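So the chains spell out like this:
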Amino acid sequence: GYSIRQKKKAARLIGKGSGYTVDDRHVLLRIIYKCIDGIIPRYRALAERGQIELSMSPWGHPIIPLLNNFDNIGCALPDAPRPESAFYPGGMERSRWHMQHGIELFERCFGHRPAGMWLSEGSISSGSLELLDEFGMQWTASGESVWRNSARLSKLDDHDVSSKRGLFHPYHHTACGCRIFFRDDGLSDLIGFEYRDWDAGDAVANLVTHIKNIEKFMSDTGEESIISIIMDGENAWEYYPDNGFHFLDRLYGALAEEKKIETITFSDAAKLKVTELPQICPGSWVYGSFSTWIGDAEKNRAWDLLVEAKHDYDRVMAEAKLSKQQRGRITRQLGICEGSDWFWWFGEYNPSESVQDFDALFRSQLRRLYQLMDLVPPPTLEIPVSHGSSVHRGDSGAMQRNA
């Protein structure tokens, strides 16, 4: 980030501008290494001071509701085509595996168990919320469209839904103890897509004004309002000057000075009064559905390839001929193949170069799974799943707007 620019070695390289030597490149690599090496210790220290809260996602970043049940497509996308396979075999156990291994990795890195879990892509369903309870998670979060679909399905007050008044507090689903927060898409997308082209001071002033307006709008409720601004972890900042340093520095300063605005962790917010959400319309923070990962011919074909591999995995594991180490390697490889990003990139709305890269990687990871199982990969893995589009669309598929 910006602070690295202030270090003497980095400043010298930036000032040089051109004519870099091999030694200069080695200096740069050492700077990058030290920066990366310090990420986990810095975040761990911030969390131990209570300055931030760290959450986690399942180990291989799968879409948990889809592993659990392909029928979770239906609420938001009732007419979407399904994979030929009716379900992902043993999906609930695979979801547990990703959650458990994610928690174990988090504990090794940060020295404590997380209180909250951002299910990959904010993807929630009744079943995934039950799993969060099973693992003792205090909170999770999703997108505004999921809240809107679920609120209407639950027959909550129409005015609270249409005005967004009901968005700004925690929810819980029936008997589940895990609290649910829903992202304000408008404010989050301003940061994700608009403010990068603004003067940092103007952008911060605009955002603070929006937050104050929400506070005024909600003041007659007599309750504290929670505004959840939830961002993609890294994608926005590469489009900002100096990776967002100026915007973020001014934003944190402005929020610290505002008497009516308090920054709060989700764990603390989970202790506030909650509203019941009887019905969950399964979906993600992208459009409130799972359309980015399933529901068209190419994405569905990728799922069918994965389902075929999972059936072979189950058969090999049932034979009990493998060592513990072999079983561990194979299961980890399956977890890689279950990741969400393979499916994200398939489709005509993404650029062909990126799509073809991810397509080739997905099929190579599946071939690797078969090789670890000592099986011949099926010929279908030689056939590309998707080709993408020759039309460039904005941020090249890395982020998608909701508001």
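The written sequence of each chain sets the order in which its residues are numbered from 1. Given that this is a predicted model, residues contribute local features only at a pLDDT of at least 70 and side-chain atom pairs are listed and counted only at 80 or more, while totals for whole chains, interfaces and linings are drawn from all residues. Calculation of side-chain values draws on the structure's entire complement of heavy atoms; hydrogens and water are dropped beforehand.

Visitor: Describe the packing of aromatic side chains, and please don't skip the residues or the numbers.
Guide: Aromatic pairing here means that ring centres of Phe, Tyr or Trp (its six-membered ring) are within 6.5 Å. Orientation follows from the plane angle: under 30 degrees is stacked, over 60 is edge-to-face, and everything else is tilted. Under the criterion given, the structure shown has 20 aromatic pairs. Both rings, one in Phe106 and one in Phe110, keep their centres 4.9 Å apart while their planes meet at 55°; by these two values the pair is tilted. In this pair, Phe106 and Phe110 are both assigned in helix α6 (residues 91-110), four residues apart and thus about one turn of the helix distant. Pairing Tyr195 with Phe247 gives two aromatic rings, centres 5.8 Å apart and planes at 35°, and the pair type is tilted. Taken together, the residues Tyr195 in the loop between α10 (185-194) and α11 (200-218) and Phe247 in helix α12 (residues 245-257) connect sequence positions 52 residues apart. Aromatic ring contacts, followed pair by pair, group Phe70, Tyr88, Trp303, Trp342, Phe343, Trp345, Phe346, Phe358 and Phe362 into a single cluster. When the ring centre of Tyr239 is taken as origin, the NZ or CZ atom of Arg196, which lies over that ring, is 4.4 Å away. Every helix listed is a DSSP run of H or I at least four residues long, and every strand listed is a run of E at least two residues long, numbered separately from the N terminus. Either the NZ atom of lysine or the CZ atom of arginine qualifies as a charge over a ring when it sits within 6 Å of the ring centre and within 35 degrees of the ring normal.

Visitor: Run through a nonpolar patch on the surface, naming residues and quoting values.
Guide: A patch is a set of surface residues, each over 30% in relative accessible area and not in a salt bridge, joined within 9 Å for like charges and within 5 Å for the nonpolar side chains Val, Leu, Ile, Met, Phe, Trp and Tyr. Surface exposure here means Shrake-Rupley accessible area, sampled with a 1.4 Å probe, where a residue is shielded only by the protein chains that are shown. Between Lys or Arg on one side and Asp or Glu on the other, a salt bridge is scored when a side-chain nitrogen of the former is within 4 Å of a carboxyl oxygen of the latter. Together, Leu28, Leu29, Ile32, Ile36, Ile39, Ile40 and Tyr43 give the surface a local cluster of nonpolar side chains, amounting to about 630 Å² of exposed area. Broken down by secondary-structure element, the contributors of at least two residues to the nonpolar patch are α3 (22-37) and α4 (39-48). If you tally residues by element for the nonpolar patch, the top one is α3, at four residues. Along the chain, Ile32 turns up in helix α3. Partly exposed residues are those whose accessible area sits between 20% and 50% of the maximum for their type, while under 20% is buried and over 50% is exposed, using a 1.4 Å probe and protein chains only. On the basis of relative accessible area, Ile32 is assigned to the partly exposed category, the value being 40%.

So far we have only geometry, and geometry alone does not tell us how the molecule works.
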